[in-house]
Amino acid sequence: MGFKAQVAEDRLDVFLDLDEFGEEHSVDREPVVCVIDQMDRTERAPEAGIAGSGMRIFAKSEDMPPRRGPGMPITVDGKAYMVESWAEEMGVAEVTCVRAM
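Rules of the game
- Residues numbered from 1 in each chain as written.
- Predicted model: local features only at pLDDT ≥ 70, side-chain atom pairs only at ≥ 80, totals over all residues.
- Heavy atoms only, no water.
- Salt bridge = Lys/Arg side-chain N within 4 Å of Asp/Glu carboxyl O.
- Helix = DSSP H or I, 4+ residues; strand = E, 2+ residues; numbered from the N terminus.
- Core = buried A, V, L, I, M, F, W, Y, C linked by side-chain atoms within 4.5 Å.
- Buried < 20%, exposed > 50% of the residue type's maximum accessible area, 1.4 Å probe, protein only.
- Contact = heavy atoms within 4.5 Å.
- Polar contact = N/O pair within 3.5 Å; in protein donor to acceptor, adjacent residues only side chain to side chain.
- Phe/Tyr/Trp six-rings, centres within 6.5 Å; stacked < 30°, edge-to-face > 60°.
- Lys NZ or Arg CZ within 6 Å of the ring centre and 35° of its normal.
- Pairing = 2+ DSSP bridges.

Caption draft 1: The arrangement of the pattern of salt bridges in detail. Within this structure, the stated rule accounts for 4 salt bridges. A salt bridge links arginine 56 to glutamate 94, with the nearest nitrogen and oxygen atoms 3.5 Å apart. Here glutamate 94 lies in strand 6 (residues 92–99) and arginine 56 lies in strand 3 (residues 53–60), a separation of 38 residues in the sequence. Here the salt bridges do not stand alone but share partners, grouping Asp37, Arg56 and Glu94 into one network.

This is the structure in structure tokens:
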């Protein structure tokens, strides 16, 4: 099995598996199995002077809502966030967002 095929299989069977790392969350009112990395902005980038909380969401690209650019809104578990970045690689979306104040 090639590397890309192995990664595609691993994203389902390990990383995003509900019995392993994956959890079900609501993204724009739709259920999505994902891994969420919570971030405290004051600890991650104090030099930027940005306060508040943020997160990175890792999920299958096809399970996420349509891709958004920086500053666009996204709702996670009923809370409003703003997208900082949205990248997709090998079928996995990585969305970094900050809590909208």
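Caption draft 2: Spatial organisation of the nonpolar core. Counting 16 residues, the largest nonpolar core has Met55, Ile57, Met64, Ile74 and Trp86 as its most contacted members. Elements that contribute at least two residues to this core include exactly strand 2 (30–40), strand 3, strand 4 (73–76), strand 5 (79–89) and strand 6. Excluding residues that lie within four positions of it along the chain, isoleucine 74 makes contacts with Val27, Asp28, Met64, Pro65, Arg68, Lys79, Ala80, Tyr81, Val83, Trp86 and Cys97.

Caption draft 3: Highlighting the side chain of arginine 68. Topologically, arginine 68 is positioned in the loop between strand 3 and strand 4. Looking at arginine 68, its side chain comes within polar contact range of the side chain of aspartate 28, at 2.4 Å.

Caption draft 4: Looking closely at the packing of aromatic side chains. Throughout the structure, instances matching the rule amount to 0 aromatic pairs. Directly above the ring of tyrosine 81 sits arginine 99, whose terminal nitrogen or CZ lies 5.8 Å from the centroid.

Caption draft 5: The side chain of serine 61, seen in detail. Note on placement: serine 61 falls in the loop between strand 3 and strand 4. The exposure class of serine 61 is buried, given its relative accessible area of 17%. A distance of 3.2 Å separates the side chain of serine 61 from the side chain of glutamate 88, its partner in a polar contact.

Caption draft 6: Focus on the pairing of strand 4. Every second residue of strand 4 is oriented toward a common face, the buried set being Ile74 and Val76 and the non-buried set Pro73 and Thr75. As paired elements, strand 4 and strand 5 share 4 bridges and run antiparallel to each other. Across the sheet, proline 73 pairs through a bridge with methionine 82, a residue of strand 5. Here strand 4 folds back onto strand 5 in antiparallel fashion, the turn holding 2 residues, of which aspartate 77 has a positive phi close to 50 degrees.

Caption draft 7: Representation of unusual backbone geometry in the model. Unusually for a residue other than glycine, arginine 29 sits at a positive phi of about 70 degrees. Residue placement: arginine 29 occurs in the loop between strand 1 (23–27) and strand 2.

Coordinates in, geometry out; function isn't part of it.
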